[in-house]
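Descriptive structure summary
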Amino acid sequence: MAVCDVCFRKCELAEGNTGACNARIGRGGTVVPLFYGKLSSLALDPIEKKPLARFHPGSRILSAGSLGCSLKCPFCQNHEIAQADDGRRFHVPTEQIMPEELVEIAERYRNRGNIGIAFTYNEPLVGYEYVRDTARLAHEKGLLCVLVTNGTAGTRVYEEIAPYIDAMNIDLKGFTDRYYRDVLKGDRGMVMEFIRNAVRNCHVELTTLVVPGENDSPEEMLELSGWVAGLTGVFGGKTGRDIPLHISRFFPRYRMTDREPTDVDTVYSLVEIAGRNLRYVYPGNC
Ligand code: SF4
């Protein structure tokens, strides 16, 4: 039995068994990624779409996604590529693009405003080996690398990728253990530790999706933004107050269709509240 140490679940995997993320498999007494180089999505996106508001604004970035996720958010907007069906299978086509080839494509797009490669769409860290290998090569070619992640990974994984990542958008999906544990099937403590590490190493922006009745109270947003403001040792000589926060509107999707989209006034009110602690707070999906 091999144990995966990528996320808090620490899945114990017998030969041929896949973990809860459906993206890692027990093989030869160890745990390996199931979809190395298998891309489900590839697009040249505006950097603001990641979202990153304060990292090379106006540029574009080659954005690559694969399959699988370490969380089980019932409202997942990308569930076709992030969440397998009940038989633990994905039903989207993938294309095999190894690190060298992805870096070549990124270089070809430089003349269309491309600054590098973003690992995004599904949860990239369930296949962190591909992120690490590709980002290392991309750096050698002078390209920038961006990670869009739910922050659900341990310190070993973080340290493997950190040297090659220039900016991250990390989800901080709420600020209660209940919400992370019961609704997202995640671990808030692991995400907070990931954020603490990341802000010291590169440009970091955070995203909170506001779900009605779950994480939309003024008190929770005050607490969340206050914690961010108190982060220390921030990259670039900045303070926690300089970390941008994106507060996004929820739309009913996937398995959470029992409630209305977040009221726009609620989003703007939470932006105002977070703005008491942070300098840069942006509404999203409004
Ligand atoms: S990354 Fe996947 S296999 Fe590894 S512990 Fe997390 S859910 Fe389990």
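One numbering rule holds for all chains: residues counted from 1, following each sequence as written. The predicted nature of this model means local features are confined to residues of pLDDT at least 70 and side-chain atom pairs, given and counted, to a pLDDT of 80 or more, with totals for whole chains, interfaces and linings taken over all residues. No hydrogens and no water enter the side-chain calculation; it runs on all heavy atoms of the structure.

Concerning the sheet that holds strand β14 (residues 281–284)
The criterion, for reference: Between any two strands, pairing holds if DSSP finds at least two bridges. Put simply, DSSP H or I for four residues or longer makes a helix, DSSP E for two residues or longer makes a strand, and each gets a number counted from the N terminus. To obtain an axis, a line is fitted to C-alpha atoms, over the contacting stretch when the element is a helix, and the angle between two such axes runs from 0 to 180 degrees between their N-to-C directions. In this analysis, two residues are considered to be in contact whenever any of their non-hydrogen atoms come within 4.5 Å of each other.
Strand order in the open sheet formed by eight strands is β6-β7-β9-β10-β11-β12-β13-β14, and the pairing between neighbours is mixed. Of all strands in the sheet, those bounded by a partner on one side alone are β6 (41–46) and β14. Strand-to-strand twist across the sheet, computed as the mean angle between neighbouring axes with direction ignored, equals 20 degrees. Examined bridge by bridge, strand β10 (residues 144–149) and strand β11 (residues 167–171) share four bridges and lie parallel to one another. Along β11, the bridge assignment pairs V146 with A167. On top of the sheet, helix α2 (residues 99–108) reaches β6, β7 (60–65) and β9 (114–119); it is set at about 145 degrees to β9, its chief contact.

A closer look at the packing of aromatic side chains
The test is simple: Stacked, tilted and edge-to-face pairs are distinguished by plane angle, under 30 degrees for stacked and over 60 for edge-to-face with tilted covering the rest, among Phe, Tyr and Trp rings (Trp via its six-membered ring) whose centres lie within 6.5 Å. Only protein chains enter the accessibility calculation, which uses a 1.4 Å probe; a residue whose area is less than 20% of its type maximum is buried, one above 50% is exposed, and one in between is partly exposed.
All told, the structure shown has five aromatic pairs when counted by the stated rule. Each ring, one from Y36 and one from Y130, has its centre 5.4 Å from the other, and the planes form 90 degrees; the classification is edge-to-face. With Y36 in the loop between β4 (30–33) and β5 (38–39) and Y130 in helix α3 (residues 128–140), the pair connects residues that are 94 residues apart, well separated along the chain. Taking relative accessible area as the criterion, Y36 reaches 25% and is therefore assigned partly exposed. The interplanar angle of 90 degrees and the centroid separation of 6.1 Å between the aromatic rings of F75 and F250 together place this pair among those described as edge-to-face.

Observations concerning the packing of helix α7 (residues 218–229) against helix α8 (residues 264–274)
Basically, it comes down to this: These descriptions rest on fixed angle ranges, namely under 35 degrees for roughly parallel, over 145 for roughly antiparallel, 65 to 115 for roughly perpendicular, and the rest for oblique. Helix crossings are classified by the rotation of the near helix relative to the far one: an anticlockwise turn of less than a right angle makes the crossing left-handed, while a clockwise turn makes it right-handed. Residue classes follow a fixed rule: Ala, Val, Leu, Ile, Met, Phe, Trp, Tyr, Cys and Pro count as nonpolar, while Asp, Glu, Lys and Arg count as charged, and any other residue, Gly among them, counts as polar.
In contact at an axis separation of 9 Å, α7 and α8 are set at 40 degrees when each is read in the N-to-C sense. On the basis of their axis angle, the class for α7 and α8 is oblique. When the axes of α7 and α8 are compared, the crossing they make is right-handed. Listed contacts from α8 to P218, M221, L222 and S225 of α7 are L270, I273 and A274. When the residues that make up the contact of α7 with α8 are grouped by side-chain class, the tally is six nonpolar, one polar and no charged.

So, the site of the ligand
Here is the rule we go by: One heavy atom suffices: a residue is near a molecule or strand as soon as one of its heavy atoms comes within 4 Å of it.
What surrounds the ligand is the set C4, V6, C7, K10, C11, G19, A20, C21 and R24. Residue classes in the shell around the ligand are distributed as six nonpolar, one polar and two charged.

What to know about α2
The line we're drawing: Regarding the arc, it is the one traced by the directions from the helix axis to the C-beta atoms.
Residues of α2 that are buried: P99, L102, V103, I105 and A106. Burial along α2 is one-sided: seen end-on, the buried residues are contained in an arc of 160 degrees. Check the buried side of α2 and you find it contacts β5, β6, β7, β9 and α3.

Describing the pairing of β4
Burial of the side chains of β4 is restricted to one face: V31 and P33 are buried, whereas none of T30 and V32 on the reverse face is. Sheet topology note: the strand β3 (residues 24–27)/β4 ladder contains four bridges and is antiparallel. The partner of G26 across the bridge, within β4, is V31. Counting the residues in the hairpin turn of β3 and β4 gives two residues, including G28, whose phi is positive at 60 degrees.

Quick look at helix α6 (residues 188–201)
Inclusion rule: Multiply 1.5 Å by the residue count of a helix minus one, and that product is the helix's expected span. Contacts described as polar in this section are N or O atom pairs within 3.5 Å, which, within protein, must combine one atom able to donate a hydrogen with one able to accept it, while residues neighboring in sequence count only if both atoms come from side chains.
Across its 14 residues, α6 extends 20 Å between first and last C-alpha, which sits within 8% of the 20 Å expected from 1.5 Å per residue. Where α6 is concerned, the buried positions are R188, M190, V191, M192, F194, I195, N197, A198 and V199. In this structure, the buried residues of α6 make contact with β10, α4 (155–161), β11, α5 (177–183), β12 (203–210) and α7. Capping the start of α6 is the job of one residue whose side-chain oxygen sits 3.1 Å from the backbone nitrogen of G189: D187.

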